[in-house]
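Working through the structure, step by step
One-letter residues, chain by chain:
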2 protein chains.
Amino acid sequence: MAETMRRKARLSAEERRALLEDAACACIARGGIRDFTVDKVVAEAGVSRGLITHHFGSMDGLLVAVYTRMYRDWLAVMEEPRPGLSRIEAMVEALVSPALFDREVVNIWLTLWGEIANNPVLRDTHRALYGDYRAAIMTALEEAAQANGREIDAETVATAFICLVDGFGVQRCVEPALLSEEKARAACWAFLRPHIGDQVGAAR
Amino acid sequence: MAETMRRKARLSAEERRALLEDAACACIARGGIRDFTVDKVVAEAGVSRGLITHHFGSMDGLLVAVYTRMYRDWLAVMEEPRPGLSRIEAMVEALVSPALFDREVVNIWLTLWGEIANNPVLRDTHRALYGDYRAAIMTALEEAAQANGREIDAETVATAFICLVDGFGVQRCVEPALLSEEKARAACWAFLRPHIGDQVGAAR
DNA sequence: GCTGATACTATACAGTTGTTCAGCAAGGAA
DNA sequence: TTCCTTGCTGAACAACTGTATAGTATCAGC
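Scoring rules and cut-offs
Residues numbered from 1 in each chain as written. Chains lettered and ligands numbered in written order. Predicted model: local features only at pLDDT ≥ 70, side-chain atom pairs only at ≥ 80, totals over all residues. Heavy atoms only, no water. Near = heavy atom within 4 Å. Polar contact = N/O pair within 3.5 Å; in protein donor to acceptor, adjacent residues only side chain to side chain. Helix = DSSP H or I, 4+ residues; strand = E, 2+ residues; numbered from the N terminus. Nonpolar A, V, L, I, M, F, W, Y, C, P; charged D, E, K, R; others polar. Salt bridge = Lys/Arg side-chain N within 4 Å of Asp/Glu carboxyl O. Buried < 20%, exposed > 50% of the residue type's maximum accessible area, 1.4 Å probe, protein only. Core = buried A, V, L, I, M, F, W, Y, C linked by side-chain atoms within 4.5 Å. Contact = heavy atoms within 4.5 Å.

1. Concerning the protein's contact with DNA strand D
With respect to spatial proximity, 23 residues lie near DNA strand D, and among them Val-38 and Arg-49 of chain A together with Arg-10, Leu-11 and Arg-16 of chain B are the closest. Of all atoms in DNA strand D that approach within 4 Å of the protein, 59% are sugar or phosphate atoms. Taking Met-59 of chain A, its main chain carries an N or O atom lying 3.0 Å from a phosphate oxygen of DNA strand D. Between a phosphate oxygen of DNA strand D and a side-chain N or O atom of His-55 of chain B, the distance comes to 3.1 Å. Contributions of two or more residues to the surface near DNA strand D are made by helix H2 (38-45) of chain A together with helix H1 (13-31) and helix H3 (50-56) of chain B. It is H3 of chain B that provides the largest number of residues to the surface near DNA strand D, a total of 4 residues. Taken together, the residues of the surface near DNA strand D sort by class into 8 nonpolar, 7 polar and 8 charged.

The following block contains the structure:
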């Protein structure tokens with residue numbers, strides 16, 4: 001901020017990587033996979049063309065890094081404990097919170113899904129990470145069901161719940177006006193309650 | 001088939017357009033938006049490079065045509081009446097039928113969503129068509145609810161249901177093994193029953 | 001100071017992108 | 001037959017794609 005000098009700072013590899021991932025996210029958020037190009041990312045980051053190859057080996061490498069970061073951030077918000085809320089309640093609130101429900105964030109996810117579906121490198125990365133997300137949701141579901149003395153097929157319910165949430169993402173990208181935060185929250189509970197019971201937490 | 005002559009046939013504009021849309025679908029199904037290029041589409045169709053511009057004006061024009069056709073086909077299968085089933089039952093069966101649940105079909109949809117989110121031309125096309133889909137689902141929901149003497153906020157339920165179905169698409173593209181036809185059908189009914197009641201049709 | 005490692009730039013490269021356009025050829029109308 | 005419309009080709013175009021690489025600048029350890 002107080003940096004009046006415009007000289008290019010020499011950053012650590014880690015810092016520069018993070019900066020390039022930021023720039024890549026900004027580009028993808030703005031224009032999807034078509035804006036994920038060398039020229040656009042380096043222009044956004046304000047660095048030279050060679051840096052992407054230098055730090056990530058290739059554009060695929062950068063995309064993998066973007067996916068990994070998005071995934072890590074997503075999971076962190078999902079698992080953030082919220083005072084007075086049960087695990088599953090906290091997750092639902094996280095899902096409709098500005099940090100995750102944001103259209104730009106979700107546009108990046110939509111783009112990444114498209115890549116996972118068609119790019120083997122991304123697919124491998126996804127396979128390696130995705131299990132944690134499923135596991136976290138299953139645990140929260142089992143916890144809630146148990147609190148209500150219910151039996152639950154956590155795997156099946158989790159799969160369907162993830163579909164619902166992914167569908168929110170699609171909807172937010174394609175026609176944001178039709179799906180408000182409140183509607184999404186209501187839809188989550190309408191879907192979950194029949195499976196995990198009415199009393200889903202201390203505060204509800 | 002019995003055409004031994006390899007001479008290029010001169011087709012009507014309509015026939016050739018359909019052929020190019022077919023080719024474009026095949027390319028997108030195979031590799032997403034990155035395989036939707038002039039060279040790949042014309043190679044798939046076995047025609048010269050100039051033909052796309054000639055018939056569709058631009059690649060955007062072809063993509064709009066692909067979206068329009070996908071949309072029309074989708075809606076046709078959804079609204080196909082099935083003997084012994086109510087409207088909503090027929091729709092759920094359509095959704096998990098090979099014609100719509102197919103991974104290639106759904107990969108095209110995922111690609112199109114990505115484009116709708118970021119390409120103004122596609123977005124306009126989507127806006128112009130999407131209402132019919134929502135309306136069809138709302139009507140089917142209201143019909144089912146009424147048959148059970150239930151009140152229903154068809155718009156809200158339809159929105160959430162569409163999200164669930166879109167999420168199936170994402171899941172089928174990203175990790176097909178996790179979501180079988182049976183699981184999808186079960187998830188649909190688990191979601192719908194609390195809203196429209198238990199007796200959802202003559203055959204159930 | 002010197003030295004080696006490495007963050008970083010800038011250019012060059014071959015291949016691909018979408019679009020334009022001049023011209024060919026098939027088929028109907030006269 | 002002689003037109004004219006139009007489906008269709010193939011080459012040419014400038015802009016852009018990702019990557020390789022030679023060279024420069026900066027830092028840490030000595």
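2. Focus: the pattern of salt bridges
As enumerated under the stated definition, the model contains 24 salt bridges over all chains in all. For the salt bridge of Glu-21 of chain B with Arg-69 of chain B, the shortest nitrogen-to-oxygen distance reads 3.0 Å. Taken together, the residues span a long stretch of sequence, with Glu-21 of chain B in helix H1 and Arg-69 of chain B in helix H4 (residues 59-79) at a distance of 48 residues. Look at Glu-21 of chain B and you get buried, because its relative accessible area is 10%. Where salt bridges share partners, they join Glu-21, Asp-22 and Arg-69 of chain A into one cluster.

3. Structural notes on the nonpolar core
In this structure, Tyr-133 and Phe-161 of chain A together with Tyr-133 and Phe-161 of chain B are the most contacted members of the largest nonpolar core, which totals 150 residues. The leading source of residues in this core is H4 of chain B, at 13 residues. Apart from the residues lying within four places of it in its own chain, the contact partners of Tyr-133 of chain A are Tyr-71, Trp-74, Leu-75, Met-78, Ile-162 and Val-165 of chain A.

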